[in-house]
Structures are given as structure tokens and as C-alpha cells.
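Here is what each chain is made of, one letter per residue.
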Amino acid sequence: MHKWIMFVLLSAASLLGVYLLTFGLPPKPVDETAELPPGTVLVKLVANSDFTFSEEEYKVKVGDNVILKLQNKSGIHGAKIEELNIDLTGENLETEFKADKPGEYIVHCSVPCGTGHVEMKTKLIVEAA
Ligand SMILES: [Cu+2]
């Protein structure tokens, strides 16, 4: 009788092993903000397929050192902030700058990406400290 149980356990363990070898362990969620130095904030613009960015506005504070990243979830987009001389496109999807002037900055897509391109905008709000 014990042999039967051992057989079932062994089979289950083997199946689990094969499963893990095939699919690998589920990736652990990476907390990208965990290793940022104090005073540095990460703003991640996620560009979606429906010509939107993931948030209607992104907020930082005056004095923040901002790491601005663009992630193209679907399609190829860009993110341009004219007043700050920032344009994230192509290989250059990350930049770092100091938020030193409060205000609302329009972020718009800078890569012609389709019918919704002209309206593809979001806001970066720099709040007074
Ligand atoms: Cu676009």
C-alpha cells in the first residue's frame, strides 16, 4: 500500500519538475523603485495600443530627480515634452532630469503611430514642494 502512495508522490513530483523545466519559475515582480537613491523618482509612461498613456497625469515634486521612462506596451510610440527638451523615441526611451520648475507639462507622442496619434497625450505635473 505504501508503494502506491510513493508512486503517486513521485509521479506528482516528476510532473512538477517537468512543468518547471518547461515553463520556468514565474518571474518575480521587480520593484524598480526599490533601488532608487533618495530624491529620485521613477515616472514610467506606458504607451498603450489605443493611443493613450497609462495615466492621465503623472506627478512629481519640485526638487525631484526624475527618471522618465517610456514603455511601449503595444505599437511604437514616443514621448516628447517640448518645454523640457525631452523626446523619448527609438532606442532612447529613458532620461533623467531635475524637476526645477512647477507646472503642467504636456507629454505627447512624437512618433506617428496611427489614427489616434495627434490626440495621444498625457501630462507631467511638477508640484511646488
Ligand atoms: Cu503617436
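What you are looking at is a predicted structure, and each value in this text was computed from that prediction instead of being measured.

## Let's talk about the overall build of the chain
Of the regular secondary structure elements, the chain holds 1 helix and 8 strands. The order of helices and strands in the chain, counted from the N terminus, is α-β-β-β-β-β-β-β-β. Expected size for 129 residues packed as a compact globule is a radius of gyration near 14 Å; at 22 Å, the chain overshoots this value by more than 25%. Seen through its principal axes, the chain has C-alpha atoms that stretch 75 × 40 × 25 Å. The buried share among the 129 residues of the chain stands at 15%.

## Section: unusual backbone geometry
Despite not being glycine, Phe 51 has its phi angle at roughly 60°, a positive value. Here the phi dihedral of Asn 85 falls at roughly 60°; this positive angle occurs in a residue that is not glycine. When you line up the elements, Asn 85 lands in the loop between β4 (79–81) and β5 (86–88).

## Side note on the sheet that holds strand β1 (residues 40–47)
Taken together, 3 strands build an open sheet; the order of strands is β1-β3-β6 and the sheet is mixed. Unpaired on one side and paired on the other, β1 and β6 (94–98) mark the two borders of the sheet. Taken pair by pair, the neighbouring strands of this sheet meet at an average axis angle of 20°, ignoring direction. Looking at chain direction, β1 and strand β3 (residues 65–72) are connected through 8 bridges and run parallel. Across the sheet, the residue bridging to Val 41 is Val 66, located in β3.

## A look at helix α1 (residues 2–23)
End to end, α1 covers 31 Å across 22 residues, agreeing with the expected 32 Å (1.5 Å per residue, within 8%). Along α1, only 0 of the 22 residues are buried, which leaves the element largely exposed. Positive backbone phi, at 75°, marks Gly 24, one or two positions downstream of α1.

## Some details on the environment of Phe 97
Inspection of the secondary structure puts Phe 97 in strand β6. For Phe 97, a count of 15 C-beta atoms within 10 Å corresponds to the partly exposed category. Setting aside anything within four residues of it in sequence, one finds Phe 97 in contact with Val 66, Leu 84 and Ile 86.

## Some details on the nonpolar core
Counting residues in hydrophobic clusters, the biggest one holds 16 residues, and the most contacted among them are Leu 45, Val 60, Leu 70, Ala 79 and Leu 124. At the level of secondary structure, the elements contributing two or more residues to this core comprise β1, β2 (57–61), β3 and β8 (121–127). Top element by residues in this core is β3. It accounts for 3 residues. For Leu 45, the contacting residues outside a window of four places in its chain are Phe 53, Lys 69, Leu 70, Gln 71, Ala 79, Val 107 and Thr 122.

## Overview of the pairing of β8
Burial along β8 is one-sided: Thr 122, Leu 124 and Val 126 are buried, and none of Lys 121, Lys 123, Ile 125 and Glu 127, which face the opposite way, are. In this structure, β2 lies alongside β8, joined through 5 bridges in parallel fashion. Counted as the bridge partner of Lys 61 is Glu 127 from β8. One ladder, built from 6 bridges, connects strand β7 (residues 103–108) with β8; its direction is antiparallel. For Glu 104, the partnering residue across the bridge sits in β8 and is Ile 125.

Calculation criteria
Residues numbered from 1 in each chain as written. Predicted model: local features only at pLDDT ≥ 70, side-chain atom pairs only at ≥ 80, totals over all residues. Helix = DSSP H or I, 4+ residues; strand = E, 2+ residues; numbered from the N terminus. Rg over C-alpha atoms; globule rule 2.2 N^0.38 Å. Buried ≥ 20, exposed ≤ 12 C-beta atoms within 10 Å, placed from the backbone. Pairing = 2+ DSSP bridges. Axes fitted to C-alpha atoms, helices over the stretch in contact; angles between N-to-C directions. Expected span 1.5 Å × (residues − 1). Contact = placed C-beta atoms within 7 Å. Core = buried A, V, L, I, M, F, W, Y, C linked by C-beta atoms within 7 Å.

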